[in-house]
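Notes for the structure review
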Amino acid sequence: TMGLLAGRYKRRWTSGGPRVWLEKAQALYAVADQRFGDSYNGINAATLALHLGQLERAQQFAREVIALLEAVPERSLDHWKIATIAEAWHLVRDLDKARARYAQAVRLVPEFYSDIAVMRTQARRNARVLGDSEDVFDDIMTIPRVVVCVGHLEDAPNRPTPRFPPYLGAAVREAIRARLSGGRSSSWIRA
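Residues numbered from 1 in each chain as written. Predicted model: local features only at pLDDT ≥ 70, side-chain atom pairs only at ≥ 80, totals over all residues. Heavy atoms only, no water.

Across the chain, pLDDT averages 91, with 95% of residues at or above 70. Every residue in residues 185-191 is under pLDDT 50, and counting partners more than four places away or in other chains gives seven contacts. (pLDDT = per-residue confidence, 0-100. Contact = heavy atoms within 4.5 Å.)

Quick look at the structure:
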């Protein structure tokens, strides 16, 4: 419950709220981590300490998370726990270990784009504060681009005033295909 409440405070801060929400979230995550010693509260306490400018404190939390999760049998770790280890390695400035663990997390659930996007957003946020390139892990945590096209159906054969006559369909499909493909194969585009 403490972690959930801290998460609400964190969301208020990440949505542009004042620093007080960051401070409240970090304090609550730290208390929850101290009481329960779980990786979720620990990594959030670490990350938010970083964003408060407390790098040494952030790294201490991160080292505790690493020790906790690296002691767990590998087969027991889900993608979130592995991403948590990756984030902790990033905070203690071991980019090679962070990269390896992020890659492992993504390999476990390559189709969970929403989860991968959450990992990437957090990694980017931390990278900015740590002085790394924001996209330091983007090549690992790739998300396919989604394009949504809305428009008219081709006219029914008996439509009195043409709006989108069927004979234009092929040309429009080809124009969209050419625009989206940017010279690459466009076999994935359904018309």
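One can find R125 in helix α7 (residues 113-130). Judged by its relative accessible area of 18%, R125 falls in the buried class. For R125 and T47, which are 78 residues apart along the polypeptide, the C-alpha to C-alpha distance reads 9.4 Å. Setting aside anything within four residues of it in sequence, one finds R125 in contact with K10, W13, T14 and H51. (Helix = DSSP H or I, 4+ residues; strand = E, 2+ residues; numbered from the N terminus. Buried < 20%, exposed > 50% of the residue type's maximum accessible area, 1.4 Å probe, protein only.)

The residue D135 is located in the loop between α7 and α8 (169-181) in this model. Note: C-alpha distance between D135 and Q122 (13 residues apart in sequence) is 11 Å.

We note that R93 has phi near 75°; this positive angle belongs to a residue other than glycine. With respect to the secondary-structure elements, R93 resides in the loop between α5 (79-91) and α6 (95-108).

On the surface, Y167, L168, V172 and I176 cluster together into a nonpolar patch covering about 370 Å² of accessible area. Residue placement: L168 occurs in the loop between α7 and α8. (Patch = residues over 30% accessible without salt bridge, like charges linked within 9 Å, V, L, I, M, F, W, Y side chains within 5 Å. Areas by Shrake-Rupley, 256 points an atom, 1.4 Å probe, with all protein chains shown as cover. Salt bridge = Lys/Arg side-chain N within 4 Å of Asp/Glu carboxyl O.)

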